[in-house]
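# Structure at a glance
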Amino acid sequence: MTYAVRYYTKGGNTKRLAEAVAKELGVEALPISEGVKEPVDILFLGNSYYAFNIDPEVKKFVAS
């Protein structure tokens, strides 16, 4: 299985969590601005919930 870990964070907490998950999987955690260029079996996407919604940047990432 191939894995990818992407995250979106404003304060850094989600980044730390994504890095912990990525370390266990043996991959690198990258911000969503990096995109997913290679085929993966499972994508872990970390983001926060701001003002009862997810950030528009995350919505764009998911739509792409």
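Here the structure is a predicted model, which is why all the values come from computation and not from measurement.

### Here we look at the environment of Thr9
- Counting through the fold element by element, Thr9 comes out in the loop between strand E1 (3–7) and helix H1 (13–25).
- Distance in space between the C-alpha atoms of Thr9 and Ser48 is 6.7 Å, their sequence separation being 39 residues.
- Setting aside chain neighbours within four positions, we find Thr9 in contact with Thr14, Lys15 and Tyr50.
- Among the polar contacts listed, one links the side chain of Thr9 to the backbone nitrogen of Gly12, at a separation of 2.8 Å.

### Looking at the packing of aromatic side chains
- This model, assessed by the stated rule, comprises 1 aromatic pair.
- Taking 6.3 Å as the distance between ring centres and 40° as the angle between the ring planes, the aromatic pair formed by Tyr3 and Phe44 counts as tilted. With a gap of 41 residues between them, Tyr3 in strand E1 and Phe44 in strand E3 (residues 42–46) connect regions that are remote in the sequence.
- Relative accessible area serves as the criterion here: at 33%, Phe44 is assigned to the partly exposed category.

Calculation rules
For every chain, the first residue of its written sequence is number 1, and the numbers climb from 1 along that sequence. Confidence filtering applies because this is a predicted model: local features only for residues at pLDDT of at least 70, side-chain atom pairs given and counted only at 80 or more, and all residues used for totals across whole chains, interfaces and linings. To get the side-chain values, all heavy atoms of the structure are used, and hydrogens and water are removed first. Put simply, DSSP H or I for four residues or longer makes a helix, DSSP E for two residues or longer makes a strand, and each gets a number counted from the N terminus. Contacts are residue-level and defined by heavy atoms, with any inter-residue pair within 4.5 Å sufficient. Any pair of nitrogen or oxygen atoms within 3.5 Å is treated as a polar contact; in protein, a donor-acceptor pairing is required on top of that, and neighbouring residues in sequence qualify only through side-chain atoms on both sides. Only the six-membered ring of Trp is used, alongside the rings of Phe and Tyr, when aromatic pairs are assigned; centres must lie within 6.5 Å, and planes under 30 degrees apart are stacked while those over 60 apart are edge-to-face, with the rest tilted. A simple rule labels every residue: compare its accessible area, found with a 1.4 Å probe on the protein chains alone, to the largest value its type can have, and call it buried under 20%, exposed over 50%, or partly exposed in between.

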